[in-house]
Amino acid sequence: MRYPVLATTLTGERRWPANAMAIQTIDKTAKNLVLTVQDYSLFAWRAFKNLYRPPIYWSEFLLQADIIGFGSLSIVVLTGLSTGGVLALQSAATLSAFGATAITGQFVSLTMIRELGPILTGVMVSGRNASSMASELGSMVVTEQIDAMRALGVDPMRKLVTPRIAATITMLFFLTIVSDACGIAGGGLVTVFMNHQNGTLYLDKAWEALRYPDIIQGLVKPLFFGYILSSIGCFYGMRTSGGTQGVGRSTIEAVVWSSVLIIFVDFLLTQVLLTLFPAL
Amino acid sequence: MSDFPASVQPGPRPSGQETADPVAAFCNVSIAFDGPPVLENVSFSVAPGETRVLLGPAGVGKSVLLKLANGLLRPDEGRILLFGEEITHMPEEQLFALRARTGMVFQEGALFDSLSVRDNVAYQLIQQQVPDSEIDRRVRDALRFVELEETFDLFPSSLSGGMRRRVAIARAFIQSPELLLYDSPTGGLDPVTSTTIIELIVKERDVSHTPSLLVTHRLQDALALCNHRFDPEQGRMVPFPKGETDPSTTFLMLEEGRLIFDGSLHELVKSQNPFVREFLE
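**Student:** Describe the overall build of chain B, with residues and values.
**Tutor:** The helix and strand inventory of chain B stands at 10 helices and 12 strands. Here chain B has a C-alpha radius of gyration of 18 Å; the compact-globule value for 281 residues is 19 Å, and the two agree. Projecting the C-alpha coordinates of chain B onto the three principal axes gives extents of approximately 50 × 50 × 35 Å. In chain B, once contacts between residues fewer than 6 apart in sequence are set aside, the share between residues at least 24 apart is 63%.

The structure is reproduced here in structure tokens:
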């Protein structure tokens, strides 16, 4: 392999040629990416192990459950209602072409429970809580509060990270159920008041279509999404550097990567679950 | 201990005092962060009852050295002993128990801003599930020591910079630590508040005789520490008679990551090292 050599400019300045600089940039970016993945894997594994090992800070868990769960309730309800309503509107327009508007309820409930409920709740909660975790922990890092905690003999992973992850997994599970219910209710309201169809038929079809594998699929996903969004939020918060600007950067990265990973993992999980439950 | 150089082995200190095993010891410690070394081959020790003042201008690695002392950072090379145990490669879980035996005062206080002064000072006691009545009593004692008893229910955001630093000192003192680490405790404070903080450190040194490592770039603070003692009868810091200094207070000096001086105040002022001379003058 030939290595690039320093080129001399007209002014006598020694510089790397443009192609060498591009290679160096790609090299540095790739190394940083690999290092970040490695750090995150170690972080996520340590956080996962701590979920089952004492001491468990129950008061922190309850506090975070309140902030994450009840704090996110309003946005989850609104998102669920709107999404269910939109699904009913869109599906009714398409289904009427085939004279099948009666199955709007089936369409809305299956879509909400299998897919949209978990993913929308995950992304909405990620936007609200992954960012808040990253900024809160990031601020603690730059003001040396995390170092102070370690110096006082307390493990910040156990005290700050584990309760947030446990609370997010628990509350996202219930928030997804709320979102599913609101989605079906939103679809029902649109079906009755805007599409002028029979509400009882809508609910009958919504209920009839559901099978246990659908519900399992819809309730397994939030467990993974909760873990992803909280561990990424905490990870970026805990590795913050560069003062207040660094806190902002960590917040952005936490939201972007948690949202992207939720969507990507959703794809993988759907594949796995469809393999496990082929009758779906 | 046997492979530690003579400078960090138990034995006569520059001040002439006999010492037992050091509370903390550095042996050829080096560390770098994406660039030239921040610390290079640093070796020294802190003996029981000794106060070591680490001098040096900003950016020479003083705070890094302090964080290495209780395992908040890991050295690239060399060995560090804390309470006789090597912490260089000690797992984080084991380090927490050792760190709990030290008290650290951070540069800006590093108080937990979501907790009240009471909960900040009592942080370790709360983790140990000490009864509330006992916590309240000990927190009031610690706050009385730093003359801030009235701040018991306040939050850090309502305190001045000097008050925050004093609360941080109370937090470090409350568990009667076996080693105190002060990271520029007077940095950014006005002269009057700085004197108050130095008085607290002198009081702690002379009342509890806790070994300590203090980093500062302020020569006047280092000299005040060495030239004063706490008078329990008057309840305040008083100067030593002319020509006398505190024998347990000794000095270290860093220049660009290297330890260039280790000795008493007398040796410091007599030093012919150009950097030391420039710093003193």
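**Student:** Which residues make up the overall build of chain A, and what values do they have?
**Tutor:** The number of helices and strands found in chain A is eight helices and two strands. Order of helices (α) and strands (β) in chain A, N terminus to C terminus: β-β-α-α-α-α-α-α-α-α. Taken against the 2.2 N^0.38 rule, which gives 19 Å for 280 residues, the C-alpha radius of gyration of chain A at 24 Å runs more than 25% over that of a compact globule. If you line up chain A on its principal axes, its C-alpha atoms span 80 × 55 × 35 Å. Expressed as a percentage of its 280 residues, the buried residues of chain A come to 42%. Within chain A, residue pairs in contact and separated by at least 24 positions form 84% of the contacts whose partners lie at least 6 positions apart.

**Student:** Run through the interface of chain A and chain B, naming residues and quoting values.
**Tutor:** Chain A puts 11 residues into the contact, and the matching count from chain B is 14 residues. Within the side of chain A that touches chain B, the residues separate by chemical class into four nonpolar, three polar and four charged.

**Student:** Lay out the sheet that holds strand E3 (residues 51-55) of chain B with the relevant residues and their values.
**Tutor:** Residue and element names in this part refer to chain B. The strand order E6-E7-E8-E3-E11-E12 describes an open sheet built from six strands, whose pairing is mixed. On the outer flanks of this sheet lie strand E6 (102-105) and strand E12 (258-263), each paired with one strand and no other. Averaged over all pairs of adjacent strands, the angle between their axes in this sheet comes to 15°, without regard to strand direction. Bridge count for E3 against strand E11 (residues 249-255) is five bridges, and the pairing is parallel. Across the sheet, the residue bridging to Leu 54 is Leu 252, located in E11. Its contacts with the sheet place helix H8 (residues 219-227) against E3, strand E8 (212-216) and E11, and it is angled at close to 165° to E3.

**Student:** Residue-level account of the nonpolar core, with values.
**Tutor:** Of all hydrophobic cores here, the largest spans 128 residues; its most connected members are Ala24(B), Leu54(B), Leu65(B), Ala69(B), Val121(B) and Ala170(B). Leaving out residues up to four positions away in the same chain, Ala170(B) has contacts with Val121(B), Ala142(B), Leu143(B), Phe145(B) and Val146(B).

**Student:** Please provide a residue-by-residue account of helix H3 (residues 104-142) of chain A, values included.
**Tutor:** Structural remark: α-helix, 3.6 residues per turn; residues separated by three or four positions point the same way. Largest kink in H3(A): about 55°, centred on Met112(A). One or two residues past the end of H3(A) sits Glu144(A), with phi positive at roughly 65°.

**Student:** Hey, could you go over the confidence of the model for chain A for me, with residue numbers and the actual values?
**Tutor:** With 94% of its residues at a pLDDT of 70 or more, chain A shows a mean pLDDT of 88. Mean pLDDT across the secondary structure elements of chain A bottoms out at strand E1 (residues 7-8) of chain A, with 62, and peaks at helix H4 (residues 145-151) of chain A, with 94.

**Student:** Quick one: what's the story with the environment of Ala206(A), residue by residue and with numbers?
**Tutor:** All names here are of chain A. Here Ala 206 is to be found in helix H6 (residues 199-208). A tally of 24 C-beta atoms within 10 Å means that Ala 206 is categorised as buried. When the C-alpha atoms of Ala 206 and Leu 223 are compared, they prove to be 24 Å apart, with 17 residues separating the residues in sequence. Setting aside its immediate chain neighbours within four residues, Ala 206 contacts Gly 105, Gln 106, Val 108, Ser 109 and Ile 184.

**Student:** Provide a residue-level description of the packing of helix H5 (residues 156-193) of chain A against H6(A), including the pertinent values.
**Tutor:** Residues and elements named next belong to chain A. Interaxial distance between H5 and H6 falls to 9 Å at its minimum, and their mutual angle equals 145°. Both H5 and H6 take part in a crossing whose hand is right-handed. Here Ile 184, Gly 188, Thr 191 and Val 192 of H5 come into contact with H6, specifically with Gly 199, Tyr 202, Leu 203 and Ala 206. Within the contact of H5 with H6, the residues separate by chemical class into five nonpolar, three polar and no charged.

**Student:** How would you explain unusual backbone geometry if you had to name every residue and give the values?
**Tutor:** Residue and element names in this part refer to chain B. In this structure, Ala 110 is a non-glycine residue whose phi angle is positive, near 50°. Assignment of secondary structure puts Ala 110 in the loop between E6 and helix H3 (117-121). The phi torsion at Glu 147 lies on the positive side, around 55°, for a residue other than glycine. Relative to the helices and strands, Glu 147 resides in the loop between helix H5 (132-145) and helix H6 (161-173). Note on Glu 147: 14 C-beta atoms within 10 Å, which makes it partly exposed.

**Student:** Quick rundown of the packing of helix H2 (residues 58-95) of chain A against H3(A)? Include the residues and the values.
**Tutor:** Residue and element names in this part refer to chain A. Put simply, H2 and H3 touch, their axes get as near as 8 Å, and they point 145° apart. For the pair H2 and H3, the sense of crossing is right-handed. Here the contact of H2 with H3 is composed, by residue class, of 14 nonpolar, 11 polar and one charged.

**Student:** How would you explain the environment of Leu73(A) if you had to name every residue and give the values?
**Tutor:** Residues and elements named next belong to chain A. Mapped onto the fold, Leu 73 is located in helix H2. A tally of 15 C-beta atoms within 10 Å means that Leu 73 is categorised as partly exposed. The sequence separation of Leu 73 and Leu 175 amounts to 102 residues, and the corresponding C-alpha distance is 6.9 Å.

**Student:** Give a detailed account of the sheet that holds strand E2 (residues 37-46) of chain B, specifying residues and quantitative values.
**Tutor:** With antiparallel pairing, four strands are arranged side by side in an open sheet as E2-E1-E4-E5 (chain B). The two strands at the open ends of the sheet, each matched to only one other strand, are E2 and strand E5 (85-86) of chain B.

**Student:** Go over the pairing of E3(B), please, and point to the residues and values.
**Tutor:** Residues and elements named next belong to chain B. Summarising burial for E3: five of the five residues are buried, a large majority. Here E3 shows two buried faces, one formed by Thr 51, Val 53 and Leu 55 and the other by Arg 52 and Leu 54. Sheet topology places E3 next to E8; five bridges connect them, and they run parallel. Counted as the bridge partner of Thr 51 is Ser 212 from E8.

**Student:** Can you explain the environment of Asp141(B)? Please cite residues and give values.
**Tutor:** Checked against the element boundaries, Asp141(B) lands in helix H5. Between the C-alpha atoms of Asp141(B) and Ala170(B), which are 29 residues apart in sequence, the distance is 9.0 Å.

**Student:** Tell me about the pairing of strand E4 (residues 77-82) of chain B, and please be specific about residues and values.
**Tutor:** Residues and elements named next belong to chain B. Pairing geometry for strand E1 (residues 24-32) and E4, over five bridges, is antiparallel. Note that in E4 the partner of Phe 26 across the bridge is Ile 80. Bridge analysis of E4 against E5 gives two bridges, and the strand direction is antiparallel. In the strand pairing of E5, Leu 82 is matched with Glu 85. Where E4 folds back on E5, the antiparallel hairpin that results is connected by two residues, among which Phe 83 adopts a positive phi of roughly 50°.

Rules of the game
- Residues numbered from 1 in each chain as written.
- Chains lettered and ligands numbered in written order.
- Predicted model: local features only at pLDDT ≥ 70, side-chain atom pairs only at ≥ 80, totals over all residues.
- Helix = DSSP H or I, 4+ residues; strand = E, 2+ residues; numbered from the N terminus.
- Rg over C-alpha atoms; globule rule 2.2 N^0.38 Å.
- Contact = placed C-beta atoms within 7 Å.
- Buried ≥ 20, exposed ≤ 12 C-beta atoms within 10 Å, placed from the backbone.
- Nonpolar A, V, L, I, M, F, W, Y, C, P; charged D, E, K, R; others polar.
- Pairing = 2+ DSSP bridges.
- Axes fitted to C-alpha atoms, helices over the stretch in contact; angles between N-to-C directions.
- Core = buried A, V, L, I, M, F, W, Y, C linked by C-beta atoms within 7 Å.
- Bend = angle between axes of the 7 residues up to and from the residue.
- pLDDT = per-residue confidence, 0-100.
- Left-handed = near helix turned anticlockwise from the far one by under 90°.

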